[in-house]
Amino acid sequence: MYENKRLGFMFVLPFLLGILFFKLFPFVASFALSLTQYDLIDPPQWVGLENYRDLAINDPLFTQSLGVTLAFVFLAVPLRVGFALLVAHVLNHKMRGINFFRAAFYIPSILGGSIAVAVLWRFIFAKHGLVNIILIKLGIEPIAWLADEHYSMLTIVLLFTWQFGSSMVIFLAALQNVPASLYEAAECDGASKLQQFWRITVPLITPVIFFNMIMQMVHGFQEFNGPYMITEGGPLNSTYVLTLYIYDQSFKYFNLGYGAALSWVLFALVGALALISFWSSRYWVFYAGEKDIK
Amino acid sequence: MSGAAMQTTERPPLMRYLILGCIALIMLYPLIWLVGASFKSNAEIFSSAGFWPNRLDFGAYAAGWKTSTEYTFATYFLNSFLITVPKIIVTVISCVLVAYAFARFEFWGKKLMFGVMVSTMMLPLIILRMPQYLMFRELGWLDTYLPLIVPSAFATDTFFVFMLVQFLRAIPRDMEEAALIDGCNALQLLWHIIVPLLKPAIISVIVFQFIWTMNDFMGPLIYLASVENYPVSLALKMSIGATEEVEWSNVIAISVVALLPSIAVFFAAQKHFIEGATSSGVKG
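Conventions adopted
- Residues numbered from 1 in each chain as written.
- Chains lettered and ligands numbered in written order.
- Predicted model: local features only at pLDDT ≥ 70, side-chain atom pairs only at ≥ 80, totals over all residues.
- Helix = DSSP H or I, 4+ residues; strand = E, 2+ residues; numbered from the N terminus.
- Buried ≥ 20, exposed ≤ 12 C-beta atoms within 10 Å, placed from the backbone.
- Axes fitted to C-alpha atoms, helices over the stretch in contact; angles between N-to-C directions.
- Parallel < 35°, antiparallel > 145°, perpendicular 65-115°, else oblique.
- Left-handed = near helix turned anticlockwise from the far one by under 90°.
- Contact = placed C-beta atoms within 7 Å.
- Nonpolar A, V, L, I, M, F, W, Y, C, P; charged D, E, K, R; others polar.
- Core = buried A, V, L, I, M, F, W, Y, C linked by C-beta atoms within 7 Å.
- Domains from an automatic or database assignment.
- pLDDT = per-residue confidence, 0-100.
- Expected span 1.5 Å × (residues − 1).
- Bend = angle between axes of the 7 residues up to and from the residue.

Asks: How should the overall build of chain B be read in this particular structure?
Replies: What chain B contains, in helices and strands, is 14 helices and zero strands. Its helices and strands taken in sequence order, chain B reads α-α-α-α-α-α-α-α-α-α-α-α-α-α from the N to the C terminus. When burial is assessed residue by residue, chain B has 42% of its 284 residues classed as buried.

Structure below.
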């Protein structure tokens, strides 16, 4: 029965229609839209590559936004993945209460994307918020986290890092697959715990590190709720990430053509970084026998 | 799975518990504090770092629930469920069908389609938003829940398909072969054999989709215009933006309530859910 091609095609048909109508068509249409000027009222006007030229040459806000986005991704993603690996490493032992800790570390990943948590973050970092109350108690000068452009980025980076749980459970599964015999052998040879971590653990799970890095990078570039709710892109556009700018251009000022062009720049950025990662992975990712990332 | 978990360490377990406990406390304290703060007065919220409120006052809950609009949060929660429940149902049905096809059948273009599916997982969704908006406007779907629900009926949430495919591939085909000999057709096989086997993975799909849909903000923000259609996420945003003088204690109380459904669903399905997420390597 499983060789019946027509039957298989019937089952996959919803996906085929869905991908064509809701993904591929909008994908192509979005590029076409980026070559026009469209405000939803007058019919779209063909402008060729003008939108791209505009954003490259005379849009300082785009340059600012691009810098903010890259800074955010290069700070937040390694922090999240690094923290996930570290905590998974500490957690990777036979012990009581492992399920409790696993759930506790996972909860922020569940709730982190919600508006309620963004509200909470505004409180924690408010002028008289939780963090400043604690700082004052410790005798440290309070910081205007949300109003000072030097610290605003830190608040949304922390929110992103806080949600390390989903990467952590994937690391945990990978760590449990590292053969214990390797550690025993290393122990016999007198390797320290730190050496074991760098020489055995890390090399053996590079495929998973790679997978988490790529997936979290894609997420990082799409971060919206945090900057939108907590800092509203400010102060002085210090947290005005590209998704925010795309949203504003498209759905606030209704410059749909320009918004589409911006989104294609974001896409190109993600694509380029993904390609670089895949290329570089030849030099630092080692697949032991099987090619499956699990 | 259990190989390295057996490894022993000379480091005293107490130390390990201490480190893990500290991390857990730092991570969860903001949430714990939020619950305490929901009972505090405005002045106390901004002066005390402790959890325990001076008094136990549910006033903020009552006031926050009523909102400054003509609707209460009962409406907004109902709206959220009116989006979430149908979306989960169509997601599960379409994703199971499609995953079954990918994991078991041979058909033309399978490799290509699978490749497309995996690569859409990495596509920044915002690139699709403007054309989708225009499409749904043409269809007259704006300010309804259709743009939020209908795409999911076509297995467009591809990470769920991927997750189910990975899960199904790991299951041997013996039972299906036996059922085939007994004369089952494809649909009977799907319903009596595949779906029961997939149960843990399906639970993961339900939980993820529930939480992500409850959290979804940009979708409703773009497609919904009238306040009476707002889900919780939009209503919560509105409660901050509505007035200059925000009654923070009310907002905090409602934030706590808004987080409850997701927390409840997470704990109800915690075991299956984390394992499902882990085994497929899908993000959370």
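Anyway, onward from the coordinates.
Asks: Is there a simple way to explain the packing of helix α4 (residues 73-104) of chain B against helix α10 (residues 186-215) of chain B in this structure?
Replies: When two helices pack together, their arrangement is captured by the angle between the axes and the distance separating the axes. Residue and element names in this part refer to chain B. It is at 9 Å that the axes of α4 and α10 come closest, and there the two elements cross at 140 degrees. Between α4 and α10, the crossing angle belongs to the class labelled oblique. In the crossing of α4 with α10, the sense of the turn from one axis to the other is right-handed. Along its contact with α4, which presents Ser80, Ile83, Thr84, Lys87, Ile88, Thr91, Val92, Cys95, Val96 and Tyr100, the element α10 presents Leu190, Ile194, Val195, Leu198, Ile202, Val205, Ile206, Gln209, Phe210, Thr213 and Met214. Of the residues contributing to the contact of α4 with α10, the split by class is 15 nonpolar, five polar and one charged.

Asks: How do you make sense of the nonpolar core when you look at a structure like this?
Replies: Soluble globular proteins tend to bury their nonpolar side chains together. By size, the foremost hydrophobic cluster in this structure holds 151 residues, and its most contacted members are Phe171(A), Leu262(A), Cys95(B), Val98(B), Ala99(B), Val161(B) and Leu164(B). By residue number, the principal contributor to this core is α4(B), which donates 13 residues. Mapping this core onto the domain boundaries places at least three of its residues in each of domain 1 (10-57) and domain 2 (66-280) of chain B. Aside from chain neighbours lying at most four places away, what touches Ala99(B) is Val161(B), Leu164(B), Val165(B) and Leu168(B).

Asks: Please clarify how unusual backbone geometry should be interpreted in this entry.
Replies: Negative phi characterises most residues that are not glycine, and trans characterises most peptide bonds. Cis geometry is adopted by the peptide bond preceding Pro235(A), which originates at Gly234(A) and carries an omega value of -10 degrees. Relative to the assigned elements, Pro235(A) resides in the loop between α12 (225-231) and α13 (242-252). Located in the positive-phi region is Asp143(B), a residue other than glycine, with phi close to 65 degrees. Among the secondary structure elements, Asp143(B) is positioned in the loop between α6 (126-138) and α7 (146-149). Note on Asp143(B): 14 C-beta atoms within 10 Å, which makes it partly exposed.

Asks: Quick question: what am I supposed to make of the domain arrangement of chain B here?
Replies: By a frequent convention, interface size equals the accessible area lost on bringing the separate parts together. Residues and elements named next belong to chain B. As far as domains go, chain B holds domain 1 (10-57) and domain 2 (66-280). Here domain 1 and domain 2 have C-alpha centroids that lie 32 Å from each other. Facing eight residues of domain 1, the contacting portion of domain 2 comprises six residues. Elements with a contribution of two residues or more to the side of domain 1 that touches domain 2: α1 (13-37) and α2 (42-45). Per-element tally for the side of domain 1 that touches domain 2: the top contributor is α1, with three residues. Taken together, the residues of the side of domain 1 that touches domain 2 sort by class into four nonpolar, three polar and one charged.

Asks: Help me understand the confidence of the model for chain A, please; the structure alone is not making it clear to me.
Replies: The predicted coordinates of low-pLDDT regions are not to be read in fine detail. Confidence in the prediction for chain A averages 90 pLDDT; 98% of positions are at 70 or higher. Between residues 290-294 of chain A, whose pLDDT stays under 50, and residues either more than four places distant or in other chains, the model counts five contacts.

Asks: Explain the interface of chain A and chain B here, please?
Replies: Counting residues at the interface gives 88 residues for chain A, matched by 77 residues for chain B. Ranked by the residues each element gives to the side of chain A that touches chain B, the list is headed by helix α1 (residues 5-34) of chain A, at 19 residues.

Asks: Is there a simple way to think about the packing of α1(A) against α6(B) in this case?
Replies: One way to put it is that α1(A) packs onto α6(B) with a least axis distance of 8 Å and a crossing angle of 100 degrees. The angle between the axes of α1(A) and α6(B) places the two elements in the roughly perpendicular class. Here Lys23(A), Pro26(A), Phe27(A), Ala29(A), Ser30(A) and Leu33(A) of α1(A) lie close against α6(B), whose contacting residues are Ile127(B), Leu128(B), Met130(B), Pro131(B), Gln132(B) and Met135(B). Within the contact of α1(A) with α6(B), the residues separate by chemical class into nine nonpolar, two polar and one charged.

Asks: Hey, could you run me through the environment of Leu56(B) in this one?
Replies: Its location among the elements puts Leu56(B) in the loop between α2 and α3 (59-66). Considered as a pair, Leu56(B) and Phe39(B) are 17 residues apart in the sequence and their alpha carbons are 5.6 Å apart.

Asks: Help me out: how do you make sense of α6(B) in this one?
Replies: Since the α-helix turns once every 3.6 residues, residues separated by three or four places project in the same direction. An ideal rise of 1.5 Å per residue puts 18 Å on 13 residues; α6(B) measures up with 19 Å between its terminal C-alpha atoms. At Gln132(B), α6(B) shows its maximal kink, close to 25 degrees. Within α6(B), burial applies to Ile126(B), Ile127(B), Leu128(B), Arg129(B), Met130(B), Pro131(B), Gln132(B) and Phe136(B). Of the surrounding elements, those touching the buried residues of α6(B) are α1, α13 and α14 (256-284) of chain A together with α7 and α11 (218-223) of chain B.

Asks: What's the story with the environment of Gly257(A) in this structure? I'm lost.
Replies: Residue and element names in this part refer to chain A. Following the sequence through the fold, Gly257 ends up in helix α14. You can call Gly257 buried: it has 25 C-beta atoms within 10 Å. The spatial distance from the C-alpha of Gly257 to the C-alpha of Gln37 is 4.9 Å, given a sequence separation of 220 residues. Those residues in contact with Gly257 that lie beyond four places of it in its chain are Leu33, Ser34, Thr36, Gln37, Tyr38, Pro44 and Asn51.

Asks: Even after reading the chapter, I still don't get the confidence of the model for chain B, so can you show me in this structure?
Replies: All names here are of chain B. Per-residue pLDDT for chain B averages 86, and the proportion of residues at 70 or more is 89%. Taken element by element, chain B is modelled with least confidence in helix α14 (residues 270-280), mean pLDDT 64, and with most confidence in α7, mean pLDDT 96. Per-residue pLDDT stays below 50 along residues 1-9; that stretch engages in 20 contacts with residues further than four places along the chain or on separate chains. Model confidence for the complex: the whole-complex pTM is 0.89, and ipTM, which rates the interface, is 0.88.

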